[in-house]
Each structure stands twice: as C-alpha cells, then as structure tokens.
Amino acid sequence: MGNGKGRGSPPGRIAAVLGASMMTAGLVTACGSEQGLTLNLYYAPEDTFQTVVDNCNAKAAGRYNIVYNKLQRGADDQRLQMARRLAAGDDGLDILGLDVTWVPEFAEAGWAQEWTGSNKAQAEAGVLPGPLATATWNDKLYAATKNTNVQLLWYDDRITPTPPATWDEMISEAERLKAEGKPHNILFTGAQYEGLVVIYNTLVASAGGHILSEDGKSVVMDEGAVQALEILKRVTSSGITDPSLTNMKEDETRQAFQRGNGAFELNWPFVYASYADEQPQDLPHFKWSTYPAVDPGVPAKTTIGGYDLAVSSTSKHKPEAFEAALCLRSEESQKFSALNDGVPPSLEALYTDDTPLDPAKPVDADDNPSMATAYPMREAIFAALKDPAVRPLTPAYQSLSTVISKVLSPPSEIDPQQTAEELRSKLTDALDSKGVIP
Amino acid sequence: MSTVEDVSAPQQTTAKPGKPALSEGKRAERRLGWLLCAPAAIVMVAVTGYPIVYSIWLSLQRYDLRFPQQTEFVGFANYAAVLSDSYWWTAFGTTVALTVVSVAIELVLGMTLALIMHRTLLGRGLVRTVSLIPYGIVTVVAAFSWYYAWTPDTGYLANILAGDSAPLTQYLPSLAIIILAEVWKTTPFMALLLMAGLALVPDDLLKAAAMDGANGWQRFIKVMVPVMKPAILVALLFRTLDAFRIFDNIYVLTGGQNDTSSVSMQTYNNLIKGLNLGVGSTMSVLIFITVAIIAFIFIKLFGTAAPGSDKEGKR
C-alpha cells in the first residue's frame, strides 16, 4: 500500500524528479572538477578586472578556473566580509584581495598563507620597495602586490602657475589668494575616517617622524609626529579649507575642486580621469606635482595605497591559488589594469615602459594607450613611489586608524602637545587590544 | 484609581494558594504540562540563552581575532577598561540624550496624532494607513534620504536652512537631525499604540465629565490619561527600549562622527570592525544590563503591563 501511494501521488513523483536531477547535477559538477578546479577570488570591484581573470583562465588551459567574486565597494565592508568568513574557517575562499593595510592583520590571525620558494621569488621580483613592504609581516611575505597608489598635489595653473614646494609655501599662497578673493582652499580628505589618517601619516613621515616603532609593537609619537599635528592644525584653523572639510572624503574633495572651490587638491590620481571626463575643456590647466615638503629641501614622503593578493590559509587548492595569484598580478596584468582601470602598477619596470597596450599597433590615446598617454603624471607618481610613506604595519591597524581619525577630528581643534599625549595612550591601548575604539 | 495597585495586587494573592499539597491527578497533569512545553522551552534556551551566556563568557577574556595566540582569561578587566573609558561614556550620554529627547517628542506628537486619528470620521482606515507609512519605510533607506537632504549642494534642506555650513559635521546639529529622523520614523508607531489606548476610554465617562463642567483639557488630563495609562506606559517602554538601541540612523547619517556614536554603534565598531570579541562582548553585556534595568523600572516601578493582560489574564 505504501508503494502504491508513493508512486501515484504527485508529491512523490516530484520528489523523484528532484532527486534524479540532483543526482545528475552532482555528476555534472563532478565531471567539471575532474577537468579543472574552481578558485574563488574575492576582490574589490574593478571595472576591467574580469578581463584579467579571463586571460589568466585561458593561460591555465583548464587546470583551474578563477571565479571573480566582487566584494563591496567600501574598504571596511570588504575587510569585514573576508574576516568574518575566514574566522569561521570558510574554505570557499582561495585568493584574497587585501588593502595594503590589512596584510599584517590577516597574517597574524592566521588567515593568509605565507609565500615561500619560487612563488616568493616571483612575487618579489621587480617590485618597488614601498609596496613590497606592505605585503610583508615579521620579515615573511604574506601577499603579492597587485597595484599601488600614491596621492599627488593637484592644482590649476591659471590660479597658481607654479606648485608650492613646501606646506609653508602652500599655506601662505592660499592666504594670499584668499586676500585677493580668488579660489584659495586647500582641499583634502578631512572627514573622520581613513582618509584623514592618510594625510596625517604623510605629514608625519615627511617630517621624519614615526607613529609606531619599526616592529609595530610600541607607540613612538616622536618630534615629527607632533610637528605633523602642528601643520594639520595650522591648515585647518586659518580659513583656507572648505566649510565641509570634516565631511569630505576622496570624492567630495574631487568634486569641490572641479567646482572651482579650491586652489590645491591633495588626492589620488583617479581625479585626473574624472576631470578629463567631466571638464575636458579645462584639462590642459589641471596640473599635478608631488606632495609639498614639510622641511625645505627634504622631499615629502607620501602615503601609499593599493591592493595585495593573498592566498587564504583555508584554501583547499593552495598551489594553484599561488599560481593564479601570480598570474593576476603579472607584469602583463598590471599593465592592462593600469591602462584600463587607472590603478598604478607596483612593478618598477612599467613606469618606463613605452609600448602600447597592443604593441603591434601605433600608440593612440583612445584606442591603444601606453603608460605615457594613460599616465601623463607617471613621473610624479614614480618619484613619489621611490621613497614613500607606508602606514604603520601592525595587525591592529584597523583599531589604530579608528583611534587616530577620532582623536584628530575635527583637525581645527588639535592641540599639538595634548593631542600627541592622547594619541600615545589611546594607541598603546589599541595595540594591546585593551582599549575601547570609538 | 491607580493601575499600579490594580496590577500588582492579584500577583501577591495568587502566589500563595499554590502551596497546599496537590492531588495525584493534578501532579500528573502538571508533569504532562512540563513535558509538553519542554521542547519549546529547550529551543528558547538554546536560541536566546546560549548566545547571552557565551557573550558573558567572552567578555571575561582577552579575545581578539587578530591575536589568536594571546587569548586568555582576564576576569573583569574588560569591564574595567570599558567603564573607565571616556569614549564609552560619551556614547552612553549621547544614547541617553537621544532616547529621552526623541521619546518625549514622540509621545507628544504621537498623542496628538492619535487624538486626530481617533476623531476622524471620514476614511479612518485610510488616514491610519497613510500615517503609518514612515514606519513602514526601511530605516536605512529613510536615513539616506535625510543624509542627502542635509548635505550641502545636493540637499534641499541644507540649502534652504543651513546656508554655507554643513550641519552633519557639527555636534548639536547632527544630534538634532538624528532625533528628527527617529521621530519622523517612529511617531506613527507611538500614535498607533496610543490610539489603541484611546479606544478604551468609554464615551460615557467623557460625557459625564463634560456634564460636570470639565473643559477639554481637564477631560484629557483627568479622564483620558488615567484610563489610557497602561497603553501609554507600554508605548513608552517599547519606544525607550528601541531608542536605546539606536544604530541605523546614526550609522548612515554621521557614521558616529563628532561624538554622535551610540552604544550600539560603538559595540559594532569594537566587536565587528575591531574584531575584538572580549571588549565588544563586554559592551553588549552592558547594553543588555541597561535594557534590563529600563524594562525593570517600567514594569516594577511604573507597573507597565503587557498589552491585553488584565487582572484575569495575569498570573
């Protein structure tokens, strides 16, 4: 009776069909994985990165297939998603796109696999020292640099024909322009977030100071770090910054400059492409220079950004994941991303590379760009990258950054000595994971 | 006619007669009752009890996901760290201020709205539905529209009211905007709860009061409010507990800048963003305790009862 019921009733039949289709689906995937395995790449959204992934998949000739899982846009959200999954031991992550400040954290927490042997040699070859430092923790390599980034000083040569060489010059120039009733603001990321920490870190490094010790284990906050606080205070309390300074992130800064609301803009190179898109008629006057120095004659050290690729320690296909990561950040891939997505390469050779995207055809700014046409500012970038500032390397960077941006906000209310004291004690707590982060 | 005594009196009287020896049948019945509700009770304990106990356990440890090797039992060190921290107390003060001010405004507005809706003769259902719309909109979505409205250049409110300044970058203006967003969202909810209370006021009472010469205000204060008291207290309890846990509006509007962080925001920053399970759990335990105290004050001191429970329903 049970038999008859099972065969006859529709639910039974549906279950049978479902069961059968699940079995076949299982068989199909099983076949698939015999030919090549799937590597899950978790990386920030980048417009043309899928093409890089496709190229690497073609090179792998079926041994593996990289699937590009786009993370959220916000850096905090990206870090959180990966951290949460890795903390839970998720083995579905193979290659991780890490912001340059996360490598020590992922390494210390045991989420990123160390690079050794020939993988390590390949990942280190030809990489600029600054970006390479961001992929290293405790003298071991935990990631391969994918791209780097560095801020420049942007200005309009109709307002200021020559860029200021020092912060002093820039401030007095802004004050002069203000007196003349011209656009005068110094625009930068003053909101309470990582962007403010980037500016501060640049100032500290340019003044020859340190926030943390070399090993990242103790707080230093020396003379230079205090001098940086003085400059930040001076810039923001003399009426030469935008009224919404404390709400400005990268894009608000860019927009304010494009609206003609400033004389100087401190920002990443992405602003050039946006300017070219939105205000092509003014583009010839949109100029750039390396960051102004703190002390005359001592070149500025500018904070670098960018992404590194790590192999997850929970990955079930580590050898393939290392190989795939190396392909995704190879010279060819980095050049493609630089020309199509505007992300500055971490490989030194590409800054003197003159061959266009398709070497067989002549250079054309629109269809067949070369580093020279896509990066008119490449020399300034390269100059800044030769001796850059790296943000403090420590697993507790996230807490550090939250504390610094909190203590420095709003920058106009900094009291250099007292603020330095406060930073010293709050950062020490943060390093010991004792203190509360705001 | 105080409801405090009305509610608490039967509790004391029903508690005592339970003592005398039960008959065999009664005891079997009781055992069966326990058996029948055991599965539900076990699930409840597993789902709600376990996380609470676990977070208390975590709060007694140094446990940072970034330093897995350095996990250790530290007793109440995390509590000492949090309770002696200025950031925590700033956030606590902000949260309390937000709660008190927004709930007070909501009570007044909600009562007004409830009175209007109660007296509406035409299309009562439609009016009630329409006034509930803000409560139906996802908070984050509404918060984003407030955010853009108050951002200079893109926002109509900032352009009209704020001139050159950016209100979301200053302490008091951003607090005011957060309160505005909260009030806008939850006043309808308050009004709805109060309207249920208004329905309890018998028309005869109001008519009798009017006959005795009470004017509108006197009728409201002396007749309606005492009758509505249970409903008002329930509405206040719900909103106070909700408002104390405020997170989404602040997250979107200011991200906690300029000291506008609430305790929930700060817990999120420490627990989820900072991956510091020890300190983060400590904060969640502290929030749990505060919420429990608020509920205790409302229920024991003010005599708030759950909606629908009366002398007969309460055991």
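Residues numbered from 1 in each chain as written. Chains lettered and ligands numbered in written order. Predicted model: local features only at pLDDT ≥ 70, side-chain atom pairs only at ≥ 80, totals over all residues. Heavy atoms only, no water.

Looking now at the interface of chain B and chain A. Contacts between the two partners involve 33 residues from chain B, matched on the other side by 34 residues from chain A. Between chain B and chain A the total buried area reaches about 2,800 Å² when both faces are included, carbon and sulfur atoms providing 50% of it. Counting across the interface, chain B meets chain A through three salt bridges. Applying the counting rule to chain B against chain A returns seven residue pairs in polar contact (both at pLDDT 80 or more). Listed by contribution, the elements that provide at least two residues to the side of chain B that touches chain A are helix 3 (77–83), helix 4 (86–119), helix 13 (263–273) and helix 14 (277–301) of chain B. A per-element tally of the side of chain B that touches chain A places helix 13 of chain B first, with six residues. Looking at the side of chain B that touches chain A, its residues break down into 14 nonpolar, 11 polar and eight charged. (Contact = heavy atoms within 4.5 Å. Buried area = accessible area lost by both parts, 1.4 Å probe. Salt bridge = Lys/Arg side-chain N within 4 Å of Asp/Glu carboxyl O. Polar contact = N/O pair within 3.5 Å; in protein donor to acceptor, adjacent residues only side chain to side chain. Helix = DSSP H or I, 4+ residues; strand = E, 2+ residues; numbered from the N terminus. Nonpolar A, V, L, I, M, F, W, Y, C, P; charged D, E, K, R; others polar.)

It is worth spelling out the pairing of strand 2 (residues 64–70) of chain A at this point. Two faces, one strand: in a regular strand the side chains alternate between the faces of the sheet. All names here are of chain A. Pairing of strand 1 (residues 37–43) with strand 2 involves seven bridges; the strand directions are parallel. Opposite Tyr42, over in strand 2, you have Asn69 as the bridge partner. Crossover connection from strand 1 via helix 3 (residues 49–60) to parallel strand 2: handedness right-handed. (Pairing = 2+ DSSP bridges. Right-handed = clockwise from strand over helix to strand, strands pointing away.)

Attention now goes to the state of the cysteines. Residues and elements named next belong to chain A. This model, assessed by the stated rule, comprises one disulfide over all chains. Shown here is the disulfide that connects Cys56 with Cys327, its sulfur atoms set 2.0 Å apart. Residues Cys56 and Cys327 are joined through a disulfide that is left-handed, its torsion about the S-S bond being -95 degrees. Linking Cys56 in helix 3 with Cys327 in helix 13 (residues 318–328), this pair joins segments that are 271 residues apart in sequence. (Disulfide = S-S within 2.5 Å.)

Attention now goes to the domain arrangement of chain A. All names here are of chain A. What the domain assignment reports for chain A is domain 1 (12–149 + 305–372) and domain 2 (152–302 + 396–431). Centre-to-centre separation of domain 1 and domain 2, based on C-alpha positions: 32 Å. Between domain 1 and domain 2, the contact holds eight residues from the first and seven residues from the second. Interface area for domain 1 against domain 2, summed over the two sides, is near 590 Å², with a carbon-plus-sulfur share of 55%. For domain 1, the biggest contributors to the area lost against domain 2 are Arg79, Thr101 and Asn149; these three give 53% of the whole. Applying the counting rule to domain 1 against domain 2 returns zero salt bridges. (Domains from an automatic or database assignment.)

All names here are of chain B. UniProt tags residues 32–57, 87–117, 129–150, 170–200, 220–238 and 285–306 as "transmembrane region" (unreviewed entry). Structurally, residues 129–150 is divided into 82% helix and 0% strand, and its ends, taken at the C-alpha atoms, are 28 Å apart. End C-alpha atoms of residues 170–200 are separated by 45 Å, and the span's content is 90% helix alongside 0% strand. (UniProt positions renumbered as here; feature names shortened; annotations may be inferred.)

Here the focus is unusual backbone geometry. Here the amide bond leading from A:Ser409 into A:Pro410 is cis, since omega sits at -15 degrees, within 30 degrees of zero. Within the element layout of this structure, A:Pro410 appears in the loop between helix 17 (397–407) and helix 18 (416–431). Even without glycine at this site, B:Leu275 takes up a positive phi of about 55 degrees. The topology assignment puts B:Leu275 in the loop between helix 13 and helix 14.

With that settled, the discussion passes to helix 13 of chain B. Across the 11 residues of helix 13 of chain B, nine count as buried, placing the element largely inside the fold. Along helix 13 of chain B, the positions that sit buried rather than exposed are B:Val263, B:Ser264, B:Met265, B:Gln266, B:Thr267, B:Tyr268, B:Asn269, B:Asn270 and B:Lys273. If you follow the buried residues of helix 13 of chain B, they end up packed against helix 4 (75–87) and helix 17 of chain A together with helix 4, helix 11 (216–244), helix 12 (248–253) and helix 14 of chain B. Looking one or two residues beyond helix 13 of chain B, the residue adopting positive phi is B:Leu275, at roughly 55 degrees. (Buried < 20%, exposed > 50% of the residue type's maximum accessible area, 1.4 Å probe, protein only.)

Residues and elements named next belong to chain B. There is a patch of nonpolar side chains on the surface, built from Leu126, Val130, Ile133, Ile137, Val138, Val140, Val141, Phe144, Tyr148 and Trp184 and spanning about 900 Å² of accessible area. No other element matches helix 7 (residues 139–149), which puts four residues into the nonpolar patch. Turning to its location among the elements, Phe144 is positioned in helix 7. For Phe144, a relative accessible area of 38% puts it in the partly exposed group. (Patch = residues over 30% accessible without salt bridge, like charges linked within 9 Å, V, L, I, M, F, W, Y side chains within 5 Å. Areas by Shrake-Rupley, 256 points an atom, 1.4 Å probe, with all protein chains shown as cover.)

This part is about the side chain of A:Glu105. Of note, A:Glu105 is situated in helix 5 (residues 103–108). Judged by relative accessible area, which is 1%, A:Glu105 ranks as buried. Among all residues touching A:Glu105, those that are not within four sequence positions of it are A:Arg79, A:Pro395, B:Arg66 and B:Leu275.

Before going further, it helps to spend a moment on the UniProt feature "domain: ABC transmembrane type-1" (unreviewed entry) in chain B. In the UniProt entry, the feature "domain: ABC transmembrane type-1" (unreviewed entry) is given for residues 92–298 of chain B. Structurally, residues 92–298 of chain B is divided into 79% helix and 0% strand, and its ends, taken at the C-alpha atoms, are 20 Å apart.

This part takes up the sheet that holds strand 1 of chain A. Residues and elements named next belong to chain A. Judged by pairing direction, the sheet is mixed, and its five strands sit side by side in the order 2-1-3-11-6 without closing on themselves. Among the strands making up the open sheet, the edge pair consists of strand 2 and strand 6 (144–150). Each neighbouring strand pair of the sheet contributes to a mean axis angle of 20 degrees, computed without reference to strand direction. (Axes fitted to C-alpha atoms, helices over the stretch in contact; angles between N-to-C directions.)

This next bit is on the pattern of salt bridges. Residues and elements named next belong to chain A. Inspection of the entire model under this criterion finds 30 salt bridges over all chains. With its nearest N and O atoms 2.8 Å apart, the salt bridge here joins Arg79 to Glu105. Of this pair, Arg79 sits in helix 4 while Glu105 is found in helix 5, placing the two residues 26 residues apart along the sequence. Note on accessibility: Arg79 and Glu105 belong to one class, buried.

What follows covers the sheet that holds strand 9 (residues 264–267) of chain A. Residue and element names in this part refer to chain A. The four strands are arranged 8-9-7-10 in an open sheet whose pairing can be described as mixed. Either end of the sheet is taken by a strand with one partner, and the two such strands are strand 8 (186–187) and strand 10 (286–289). Judged from the four bridges that link them, strand 7 (residues 152–156) and strand 9 form a sheet pairing that is antiparallel. Paired with Tyr155 across the bridge in strand 9 is Phe264.

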